[in-house]
Amino acid sequence: TLERDSNALFNKDAIEINLKPGAGEWMKLAFDHAGSQWDNRFKGNNPLNESWNPEWEVRHHIINDEFFVTDTWQAEVGIPFSSLGVKPPAPGERWSVQICRNFDDIDDLGYPVGERWTSWSPATQGGFNEPTTFGAFRWVRNAPVFRLLDYRDIANGQVGFHGELIAPGSEGVL
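Residues numbered from 1 in each chain as written. Predicted model: local features only at pLDDT ≥ 70, side-chain atom pairs only at ≥ 80, totals over all residues. Heavy atoms only, no water.

1. Notes on the environment of F103
One can find F103 in strand β7 (residues 94-103). Separated by 93 residues in sequence, F103 and F10 have C-alpha atoms that sit 9.1 Å apart. (Helix = DSSP H or I, 4+ residues; strand = E, 2+ residues; numbered from the N terminus.)

2. Thoughts on the environment of A75
Mapped onto the elements of the fold, A75 is located in strand β6 (residues 72-78). The exposure class of A75 is partly exposed, given its relative accessible area of 34%. Separated by 44 residues in the primary sequence, A75 and F31 have C-alpha atoms spaced 9.6 Å apart. Filtering out sequence-adjacent residues up to four positions away, A75 remains in contact with F31, V58, R59 and H60. (Buried < 20%, exposed > 50% of the residue type's maximum accessible area, 1.4 Å probe, protein only. Contact = heavy atoms within 4.5 Å.)

3. Topic: the side chain of N18
Tracing the chain through its elements places N18 in strand β1 (residues 13-20). On the basis of relative accessibility, which here comes to 0%, the residue N18 falls in the buried class. Within the local environment of N18, its side chain forms a polar contact with the side chain of K28, the two groups lying 3.0 Å apart. Only 2.8 Å separates the side chain of N18 from the backbone oxygen of F128, close enough to count as a polar contact. (Polar contact = N/O pair within 3.5 Å; in protein donor to acceptor, adjacent residues only side chain to side chain.)

This is the structure:
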């Protein structure tokens, strides 16, 4: 685990979550499978370089899927709105959001390419820190959540997944 807010996190396999709740500043929360966390606020493409450590939680575990790589991982993130300094969004409200994954320790993962990144909304101009490439989240009250529990090995010609639909408020942080 790295020290909190260490920029070395971005040289590893990490997830970045960018949240822009309206006009003006936006926030980046990043984490890896070892429990390291990084967070900062931005104005435009520039970090504000301040000491800002909101409370947020990451739960993760390693999966052995025997197809893509032997060690993949999944995570659930709980981010209280109050820790971000914003009010909970009203139903129907939209936020600009970008969710990205860095695969920078490719040699350890066995990928045949030198670098790989993925993003929920295409991050073509300016990379992950360009708010104009963020997608849109529309907030809905009392929506159920689908949690992926496992999936079948695509290499053996099986396509399928197993999960659960969770009613809002039925357990802790989601």
